[in-house]
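Here are the chains, one letter per residue:
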Amino acid sequence: MASDSFVNVRDIKPNQKNINLVFIVLEVGKPNRTKDGHDVRPCKVADKTGCINISVWDEVGNALQSGDICKLIKGYSSIWKGCLTLYTGKGGEIFKIGE
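Conventions adopted
- Residues numbered from 1 in each chain as written.
- Predicted model: local features only at pLDDT ≥ 70, side-chain atom pairs only at ≥ 80, totals over all residues.
- Heavy atoms only, no water.
- Patch = residues over 30% accessible without salt bridge, like charges linked within 9 Å, V, L, I, M, F, W, Y side chains within 5 Å.
- Areas by Shrake-Rupley, 256 points an atom, 1.4 Å probe, with all protein chains shown as cover.
- Salt bridge = Lys/Arg side-chain N within 4 Å of Asp/Glu carboxyl O.
- Helix = DSSP H or I, 4+ residues; strand = E, 2+ residues; numbered from the N terminus.
- Pairing = 2+ DSSP bridges.
- Core = buried A, V, L, I, M, F, W, Y, C linked by side-chain atoms within 4.5 Å.
- Buried < 20%, exposed > 50% of the residue type's maximum accessible area, 1.4 Å probe, protein only.
- Contact = heavy atoms within 4.5 Å.

Draft legend 1. Representation of a nonpolar patch on the surface. Nonpolar side chains collect at one region of the surface, where F6, V22, F95 and I97 lie side by side and expose about 340 Å² of accessible area between them. When you line up the elements, F95 lands in strand β6 (residues 83–98).

Draft legend 2. View of the pairing of strand β1 (residues 19–28). Of the strand pairs in this sheet, β1 and strand β5 (residues 69–80) are connected by five bridges, and their pairing is antiparallel. Across the sheet, the residue bridging to V22 is K71, located in β5.

Draft legend 3. Spotlight on the nonpolar core. Core analysis: the biggest nonpolar cluster contains 17 residues, and L21, F23, I54 and L86 have the highest contact counts within it. Listing elements by their share of this core, those giving two or more residues are β1, β3 (39–47), β4 (50–57), β5 and β6. Residue contributions to this core peak at four residues, all from β1. Setting aside residues up to four positions removed in sequence, L86 forms contacts with I12, I19, L21, I52, N53, I54, S55, L72, Y76 and S77.

Shown next as structure tokens:
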């Protein structure tokens, strides 16, 4: 996948890498503190094709709010607690691009 191409939520499969996605934040969950002191928040996000969970860490999780339009660059997908979930990969980022 070219680094500038974006996928739809409906096309994301488990264990996919280099995911670029534009989404709206539907829900921001309560943070869970890891053993090494990081806050991890589960969020529900969507595009016009479906919704998916995303796990966000620390400052990014604190900054996201319902209704934010964001862009995920270099994410990856995995199954966590039986649900397909997105994560920011190594060198991956989430940018807020609108509300």
